[in-house]
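# Observations on the model geometry
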Amino acid sequence: MNILITGASGLIGTQLIENIYLSTSHDVSVLTRDSVKFLLNCPFPVKAYKWNPENDEVDLDAFTGIDVIINLAGSNIADSNWNQIGKNKILNSRTSSTKLIVKTVNQLKYPPKKIINASAIGFYGDRGEEFITEKSAKGHNFLSVVCHAWEKELESLSNNETKIHILRIGLVLSHRGGILKELLPMFRLGLGGNIGNGEQYLSWIHIDDLIGNLLYLAENNIT
């Protein structure tokens, strides 16, 4: 199977590539802003192609023979200041990349079998004790708006050959990065405490389980 990954240099993307090459026989291509830098830092024999979603630029060769696209592209919400400029970066990095993927797939003579697109549980917002399912309405805070706009870009897919899977991912737990990387040093110094008010729900997923979910969706015909 030929898999094209965006956001391949992030926490999820790097471990996904590692798991693919250590545990499967799939081939991996990536879309990246700096293909030379990516290949220098990646220990696996991936194929790297350039793109710049904000400028609507992409190397069409990246899509040749691709069976599955796994779209993880989006700036880290913890790395941006939450002023208007930072919020625009968080939003646009997700919508522009997804929009460009869909636009490109619509033009392909031989489109991929499926697109697996990241989203987040931030879609639902803070709902307190409410029981939430995937059919629940979106929330009203900033991350809810981001996730809704992110997912909505997929509605422009015009062919019936490509299946779409959207994963609303919770907080990813990994010793390599994410929330644990930020919190563990303080806790190891004995300076840890409640996060937020200590009463909010914290829906998390271990990165091994998330990688397993992504590969399961890629490898199987899921309705």
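Residues numbered from 1 in each chain as written. Predicted model: local features only at pLDDT ≥ 70, side-chain atom pairs only at ≥ 80, totals over all residues. Heavy atoms only, no water.

All right, on to helix α1 (residues 11–23) then. For α1, which comprises 13 residues, the first-to-last C-alpha distance of 18 Å matches the rise-based estimate of 18 Å (1.5 Å per residue) to within 8%. Within α1 the residues assigned to the buried category are Ile 12, Gly 13, Gln 15, Leu 16, Ile 17 and Ile 20. On the buried face of α1, the contacting elements are β1 (2–6), β2 (27–32), α2 (35–41), β5 (68–71), β8 (171–174) and α6 (207–219). (Helix = DSSP H or I, 4+ residues; strand = E, 2+ residues; numbered from the N terminus. Expected span 1.5 Å × (residues − 1). Buried < 20%, exposed > 50% of the residue type's maximum accessible area, 1.4 Å probe, protein only. Contact = heavy atoms within 4.5 Å.)

Moving on: the packing of aromatic side chains. Within this structure, the stated rule accounts for 3 aromatic pairs. Centre to centre, the rings of Trp 82 and Phe 142 are 5.3 Å apart; their planes meet at 75°, and the pair counts as edge-to-face. Placement of the pair is Trp 82 in the loop between β5 and α3 (84–107) and Phe 142 in helix α4 (residues 142–152), with a sequence separation of 60 residues. Sitting over the face of the ring of Trp 150, Arg 94 holds its NZ or CZ atom 5.1 Å from the ring centroid. (Phe/Tyr/Trp six-rings, centres within 6.5 Å; stacked < 30°, edge-to-face > 60°. Lys NZ or Arg CZ within 6 Å of the ring centre and 35° of its normal.)

Another point: the packing of α1 against α6. One way to put it is that α1 packs onto α6 with a least axis distance of 10 Å and a crossing angle of 65°. When the axes of α1 and α6 are compared, the pair comes out roughly perpendicular. Crossing handedness for the pair α1 and α6: right-handed. Residue-level contacts link Leu 11, Ile 12, Gln 15, Leu 16, Asn 19 and Ile 20 of α1 to Ile 207, Asp 208, Leu 210, Ile 211, Leu 214 and Leu 215 of α6. For the contact of α1 with α6, a count of residues per class yields 9 nonpolar, 2 polar and 1 charged. (Axes fitted to C-alpha atoms, helices over the stretch in contact; angles between N-to-C directions. Parallel < 35°, antiparallel > 145°, perpendicular 65-115°, else oblique. Left-handed = near helix turned anticlockwise from the far one by under 90°. Nonpolar A, V, L, I, M, F, W, Y, C, P; charged D, E, K, R; others polar.)

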